[in-house]
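Architecture and fold: a report
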Amino acid sequence: MEVLLQVLIGGVLLGGLYALVAFGLSLIYGVVRILNFAHGTLLAVSGVLASLAYASWQLHPLLIAVLLAPLLFVCAYGYYHVLLRPLSKRNHFESTVGTVLVTVGTLMILSDLTAKAAGATQRNIPLRLEALEFGEIVISTTQLLILLGIALLTVVMHLILTCTWFGRAVRAVTQDPVGAQICGVQSTRMKALTFAFGSATVAVAAVLYVLSFPVDPYMGFGLTVKAFTIIVVGGVGNLPGALLAGIFLGVAEGLTGLYWKPEWAPALSVVLMLLILVAYPKGVGVKA
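All values reported here derive from a predicted model rather than from experimental measurement. (Residues numbered from 1 in each chain as written. Predicted model: local features only at pLDDT ≥ 70, side-chain atom pairs only at ≥ 80, totals over all residues. Heavy atoms only, no water.)

It is worth spelling out the overall build of the chain at this point. The helix and strand tally for the chain stands at 11 helices and two strands. Overall, the chain shows an N-to-C arrangement of helices and strands of α-α-α-α-β-β-α-α-α-α-α-α-α. Its C-alpha radius of gyration of 19 Å places the chain within 12% of the 19 Å reference for a compact globule of 288 residues. By principal-axis analysis of the C-alpha atoms, the chain measures approximately 60 × 45 × 35 Å. Per-residue burial over the chain gives 47% buried out of 288 residues. Entry remark: accessible area of the chain is about 14600 Å², with carbon and sulfur atoms responsible for 70%. (Helix = DSSP H or I, 4+ residues; strand = E, 2+ residues; numbered from the N terminus. Rg over C-alpha atoms; globule rule 2.2 N^0.38 Å. Buried < 20%, exposed > 50% of the residue type's maximum accessible area, 1.4 Å probe, protein only. Areas by Shrake-Rupley, 256 points an atom, 1.4 Å probe, with all protein chains shown as cover.)

Structure below.
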């Protein structure tokens, strides 16, 4: 029983981190309508940068997140304007294929450049904090801080999307781009800001991820597939739904590793996504 509870706690932690990755991707797809295959690689590269910053300068992880988030925001804003925005002027087929090629190419280039510069070995931030014991169950303080960070970031993003002009504009463009344009919302600028904001959230998720799990430059595509699974289950732009879907996926992976084989856990997300697409083509979190 103690082992099962330990696995469930680890699954909730891992699923919460998956949900953070999916938040940004869900926002980007909901507003910009782009399947960003490089989204997970951003987390992998950011995690490598965070671990290097910690190892080289012993910076506090919170400070690393504060530095990485605006850096990714600026880079993503420029990336959208230079490489993705021109594709929106083409027809639907050419635009869709073009964005897939650009983001997949970015995934490969970022992975290879990071591996060349920092090595392809796995890295993490070995933060040494005391563990808490509840009978036979041991929970590290680092895990509790990560769970707190996940909950705090979820609340902050929910408040931004529901209580700020930016959030209302994002929801307006998601629901009716033409109507939002008529009401004075500059859709092109909102798309660029949303792409940058969604990418910046990955920086915070990367620092939380690398505190508990190792990262390497080539793990990004698997994370992107898991984020797509969470979006399908939770619904596009539905943050509470994405959080629940992420926890479900993390716990399912943990139980798969416990009762079957750990190497089958990553494939579980693909199987779940296919089953959900067959049963609910519009997504579980999408209202009919």
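Turning to its location among the elements, H39 is positioned in helix α2 (residues 39-57). Note on H39: relative accessible area 0%, which makes it buried.

All right, on to the packing of helix α1 (residues 2-32) against helix α9 (residues 220-234) then. Two elements in contact, α1 and α9, have axes separated by 8 Å at closest approach and are oriented at 75°. Judged by the angle between their axes, α1 and α9 are roughly perpendicular. In this structure, α1 contributes Y18, A19, V21, A22, L25 and S26 to the contact, and α9 contributes L223, T224, K226, A227, F228, I230 and I231. The residue inventory of the contact of α1 with α9, partitioned by class, reads 10 nonpolar, two polar and one charged. (Axes fitted to C-alpha atoms, helices over the stretch in contact; angles between N-to-C directions. Parallel < 35°, antiparallel > 145°, perpendicular 65-115°, else oblique. Contact = heavy atoms within 4.5 Å. Nonpolar A, V, L, I, M, F, W, Y, C, P; charged D, E, K, R; others polar.)

Before going further, it helps to examine the packing of α2 against helix α4 (residues 92-118). For the pair α2 and α4, interaxial distance at closest approach is 9 Å and the crossing angle is 20°. Taken together, the axis directions place α2 and α4 in an arrangement best described as roughly parallel. Judged by the twist between their axes, the crossing of α2 over α4 is left-handed. Across from T41, L42, V45, V48 and L52 in α2, the residues of α4 making contact are L107, L110, S111, T114 and A118. Each residue belonging to the contact of α2 with α4 can be placed in one class, and the counts come to seven nonpolar, three polar and no charged. (Left-handed = near helix turned anticlockwise from the far one by under 90°.)

On to unusual backbone geometry, then. Backbone geometry places R33, a non-glycine residue, at a positive phi of 60°. Mapped onto the fold, R33 is located in the loop between α1 and α2. One non-glycine residue with positive phi stands out, namely Q58, at about 55°. Inspection of the secondary structure assignment puts Q58 in the loop between α2 and α3 (61-84). On the accessibility criterion, Q58 (57% relative accessible area) is exposed.

Counting across every chain of the model gives five aromatic pairs. Judged by centre distance (5.6 Å) and plane angle (75°), the rings of F37 and F228 are edge-to-face. Here F37, found in the loop between α1 and α2, pairs with F228, found in helix α9; they are 191 residues apart in sequence, far enough to count as distant. Where Y80 meets F195, the ring centres are 5.9 Å apart and the plane angle is 35°; that geometry is what we call tilted. Of the two residues, Y80 is situated in helix α3 and F195 in helix α8 (residues 187-212); the sequence distance between them amounts to 115 residues. Comparing Y80 with F195, the two get one shared label, buried. Through a chain of ring-to-ring contacts, the aromatic side chains of Y79, Y80 and F195 assemble into a single cluster. R33 extends its terminal NZ or CZ atom over the ring of Y29, reaching a point 5.3 Å from the ring centre. (Phe/Tyr/Trp six-rings, centres within 6.5 Å; stacked < 30°, edge-to-face > 60°. Lys NZ or Arg CZ within 6 Å of the ring centre and 35° of its normal.)

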